[in-house]
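Working through the structure, step by step
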Amino acid sequence: MPLEIVQSDITKIRTDAIVNSANLKLKRGRGVCGAIFKASGYNGRIQMSKDCKKLAPIKAGYAVATPAYGKLPCNFIIHVVPPKYVDGTKNEEEILRRTYLNALRTAIVYGCKS
């Protein structure tokens, strides 16, 4: 499968899935997470919050998926919790590797191609 790099607003890309860098409780945060919640619209935010609450908490390095909501042009949102970098001696590299692998595995389970 060819790899294509796209520089754009993740909330505006028509794709099978987008990846949300989430917190352990899968609650609306800042940055990319906040932008995804905001772009889903009011009803989308409400439903995403409800679904995320049912799936939370998840550990760093893991991934879960929800449908896309409201105004988002993708089919799924893959929520991942990356490691918090401390000093490089707290297994951050392994947790980051696991985060990427679990996001890709989740995409495969949901039949995502893009």
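Preceding this section is the structure that the text describes.
Below you will find a few notes about this structure. (Residues numbered from 1 in each chain as written. Predicted model: local features only at pLDDT ≥ 70, side-chain atom pairs only at ≥ 80, totals over all residues. Heavy atoms only, no water.)

1. Things to note about the overall build of the chain
Of regular secondary structure, the chain possesses three helices and three strands. Taken from N to C terminus, the helices and strands of the chain fall in the order β-α-α-β-β-α. For a compact globule of 114 residues, the expected C-alpha radius of gyration is about 13 Å, and the chain comes in at 14 Å, within 12% of that figure. Relative to its full complement of 114 residues, the chain shows a buried share of 37%. (Helix = DSSP H or I, 4+ residues; strand = E, 2+ residues; numbered from the N terminus. Rg over C-alpha atoms; globule rule 2.2 N^0.38 Å. Buried < 20%, exposed > 50% of the residue type's maximum accessible area, 1.4 Å probe, protein only.)

2. Here we look at the layout of surface pockets
One number sums up the size of the largest pocket: a volume of about 1100 Å³. Along the walls of the largest pocket sit 29 residues, with Thr15, Ala17, Ile18, Val19 and Ser114 positioned nearest its centre. Taken together, the elements giving at least two residues each to the lining of the largest pocket come down to β1 (17-21), β3 (76-80) and α3 (92-109). By residue number, the principal contributor to the lining of the largest pocket is α3, which donates seven residues. Of the residues contributing to the lining of the largest pocket, the split by class is 19 nonpolar, seven polar and three charged. Taken as a whole, the second largest pocket holds about 170 Å³ of empty space. Taken together, Ser21, Ala22, Asn23, Leu24, Gly29, Arg30, Cys33, Ala60, Val81, Pro82, Pro83 and Lys84 make up the full set of residues lining the second largest pocket. When its residues are assigned to classes, the lining of the second largest pocket shows seven nonpolar, three polar and two charged. (1 Å grid on protein atoms, 1.4 Å probe; cavity = no way out; pocket = protein on both sides within 12 Å on 5 of 7 lines; lining within 4 Å. Points joined across faces, edges and corners; volume = space filled by probe spheres on them. Nonpolar A, V, L, I, M, F, W, Y, C, P; charged D, E, K, R; others polar.)

3. A closer look at helix α1 (residues 31-39)
Along α1, the residues that are buried comprise Cys33, Gly34, Ile36 and Phe37. Along the long axis of α1, the arc covered by the buried residues comes to 160°, so they all point the same way. Residues Gly31 and Lys38 are exposed on α1 and point more than 90 degrees away from its buried face. Where α1 is buried, its residues contact β1, α2 (41-55) and β3. A positive backbone phi angle near 85° is found at Gly41, which sits one or two residues after α1. (Arc of directions from axis to C-beta. Contact = heavy atoms within 4.5 Å.)

4. A word on the packing of α1 against α2
Relative orientation of the contacting elements α1 and α2 amounts to 120°, with a least axis distance of 6 Å. Here α1 is positioned oblique relative to α2, judged by the angle of their axes. Residues Ile36, Phe37, Lys38 and Ala39 of α1 pack against Gly41, Arg45, Met48 and Ser49 of α2. Of the residues belonging to the contact of α1 with α2, the class tally is four nonpolar, two polar and two charged. (Axes fitted to C-alpha atoms, helices over the stretch in contact; angles between N-to-C directions. Parallel < 35°, antiparallel > 145°, perpendicular 65-115°, else oblique.)

Taken by themselves, the reported measurements are silent on function.
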